[in-house]
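Given next are the chains, with one letter for each unit.
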Amino acid sequence: MPDTQAYLILGLAATFAIMALLIGSMVIRHRNLLKDIELLEQLKDENN
Amino acid sequence: MSALASTNPNERARGGIAAWPPLLRILTLATTVAVAFGLYLGLFYAGTDIDQGQVQRIFYIHLSAFTGAFIAFCGTVLGGIQYLRTRNVQWDSIALAGAEIGLALSILNLVTGMIWARPIWNTWWTWDPRLTSAAIMCLTYAAYLMLRTGIENAEQRRRFASIYGILAITTVILTLVITRIRPDTIHPVVIGPSVQNPNAEGAFEFSERMSMTIGINSAIWSTLVPVTLMWHRVRLQNLVERVNALKAEILNK
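Residues numbered from 1 in each chain as written. Chains lettered and ligands numbered in written order. Predicted model: local features only at pLDDT ≥ 70, side-chain atom pairs only at ≥ 80, totals over all residues.

**Here's the deal with the overall build of chain A**
Consideration 1: Across its full length, chain A carries 1 helix and 0 strands.
Consideration 2: Its C-alpha atoms put chain A at 75 × 5 × 5 Å along the principal axes.
Consideration 3: Looking at chain A as a whole, 12% of its 48 residues are labelled buried. (Helix = DSSP H or I, 4+ residues; strand = E, 2+ residues; numbered from the N terminus. Buried ≥ 20, exposed ≤ 12 C-beta atoms within 10 Å, placed from the backbone.)

Here's what the structure looks like:
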């Protein structure tokens, strides 16, 4: 049986990295949007 | 549709897990547990392939990621058709979520395929018909996301994206069927009856445990994973729409 374990580990690492990038980017965008909403609502209240 | 929308100000202010609808919380937990279980089956339950060694286990993620991408891209088609029929913005959000999640899962499919190919085909990449069509599919959906940002008029953008998203599914179908219509591919046909290509390299015999592992992983990645991720992405898009509405409101004063 060939020793291909290193490639399995690389594949698992790539899987975790891609999923972490996707979920992480969504979390960061979510946080930034909440900040934007807070700021825009403040601006809206000041304008009223 | 209303379950996807989050316009409650308290919910927006909190923003964390506590703000998620109860069904989404359950779904997220179920997805995390199910993916971990599928991974456990792939790593410890399914036997080791005698010809390929441990790297064959990547296949459980590789195929499952594609099934997930396929479902997400079907979401883009459904969202596109429904948006064109109803002009409801929520359908456009679903279409966008499908494209983004589908693209991420397609990239995962491509990358795990490349890592598997290195020891089995002795190369990271070859311009095989299946690999080429999969790369075209990824680029088509990457272009969808980029082109969306290039159109300023919201209504025009949504209409264009709907039509593009519906047409783009042809690249997914092509990727699915290409191993059955092109005799020069070296990519193995694993699922379903087919006249196996004599050039295929890296095909393997399924044991009962392997079949079960593939079935369970594919079921998890084609249902729970895309649905949960798309739901989160739709909620994110709701916030984008809210920001745009607030900006318009302030500028118009």
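**Quick look at the overall build of chain B**
Consideration 1: A tally of helices and strands in chain B yields 8 helices and 0 strands.
Consideration 2: Ordering the α and β elements of chain B from the N terminus gives α-α-α-α-α-α-α-α.
Consideration 3: Considering chain B as a whole, with its 253 residues, one finds that 40% of them fall into the buried category.

**Let's talk about the environment of B:Asp49**
All names here are of chain B.
Consideration 1: With respect to the helices and strands, the residue Asp49 is situated in the loop between helix H2 (22–45) and helix H3 (58–86).
Consideration 2: Judged by local crowding, Asp49 falls into the buried class, with 21 C-beta atoms found within 10 Å.
Consideration 3: When the C-alpha positions of Asp49 and Met210 are compared, they lie 9.4 Å apart, and in sequence the two are 161 residues distant.

**Things to note about the confidence of the model for chain B**
Should pLDDT be low for a region, the predicted coordinates there are not to be read in detail.
Consideration 1: On average, residues of chain B score 90 in pLDDT, and 88% of them are at 70 or above.
Consideration 2: This complex was scored by the predictor with a pTM of 0.90 and an ipTM of 0.93. (pLDDT = per-residue confidence, 0-100.)

**Some thoughts on unusual backbone geometry**
Residue and element names in this part refer to chain B.
Consideration 1: Unlike most non-glycine residues, Arg87 shows phi in positive territory, near 60 degrees.
Consideration 2: By the secondary structure assignment, Arg87 is in the loop between H3 and helix H4 (89–121).
Consideration 3: Judged by local crowding, Arg87 falls into the partly exposed class, with 13 C-beta atoms found within 10 Å.
Consideration 4: Positive phi values are uncommon outside glycine, yet Asn122 reaches one of about 65 degrees.
Consideration 5: With respect to the helices, strands and loops of the structure, Asn122 is situated in the loop between H4 and helix H5 (129–150).

**As for the environment of A:Ile23**
Consideration 1: Structurally, A:Ile23 can be placed in helix H1 (residues 5–47).
Consideration 2: Here the alpha-carbon distance between A:Ile23 and A:Gly11, two residues 12 residues apart in the chain, equals 18 Å.

**Some points on the interface of chain B and chain A**
Consideration 1: Between chain B and chain A, the contact holds 32 residues from the first and 25 residues from the second.
Consideration 2: Going through the elements one at a time, H3, H4 and helix H8 (224–251) of chain B are the ones with two or more residues in the side of chain B that touches chain A.
Consideration 3: At 11 residues, H8(B) tops the list of elements feeding residues into the side of chain B that touches chain A.
Consideration 4: Considering only residue class, the side of chain B that touches chain A consists of 17 nonpolar, 7 polar and 8 charged. (Contact = placed C-beta atoms within 7 Å. Nonpolar A, V, L, I, M, F, W, Y, C, P; charged D, E, K, R; others polar.)

**A few points about the packing of H3(B) against H8(B)**
Residue and element names in this part refer to chain B.
Consideration 1: Axis separation between H3 and H8 bottoms out at 8 Å; the angle between their running directions is 45 degrees. Taken together, H3 and H8 sit at an angle that is classed as oblique. Relative to H8, H3 is oriented so that their crossing is right-handed. Together, Gly68, Ile71, Ala72 and Gly75 of H3 and Val225, Pro226 and Met230 of H8 make up the contact between the two elements.
Consideration 2: Looking at the contact of H3 with H8 residue by residue, the classes come out as 5 nonpolar, 2 polar and no charged. (Axes fitted to C-alpha atoms, helices over the stretch in contact; angles between N-to-C directions. Parallel < 35°, antiparallel > 145°, perpendicular 65-115°, else oblique. Left-handed = near helix turned anticlockwise from the far one by under 90°.)

**A few points about helix H6 (residues 154–181) of chain B**
Residues and elements named next belong to chain B.
Consideration 1: Across its 28 residues, H6 extends 40 Å between first and last C-alpha, which sits within 8% of the 40 Å expected from 1.5 Å per residue.
Consideration 2: All of the buried residues in H6 are Arg158, Ala161, Ser162, Gly165, Ala168, Thr171, Val172, Thr175 and Thr179.
Consideration 3: Elements in contact with the buried residues of H6: H3, H4 and H5. (Expected span 1.5 Å × (residues − 1).)

**Considerations on the packing of H4(B) against H6(B)**
Residues and elements named next belong to chain B.
Consideration 1: Contact geometry of H4 with H6 gives a least axis separation of 10 Å together with a crossing angle of 50 degrees. Comparing the axis directions of H4 and H6 gives the class oblique. As for the relative orientation of H4 and H6, their crossing is left-handed in sense. In contact with Asp92, Ala95 and Ala99 of H4, H6 contributes Arg158, Ala161, Ser162 and Gly165.
Consideration 2: Per-class residue counts for the contact of H4 with H6 are 3 nonpolar, 2 polar and 2 charged.

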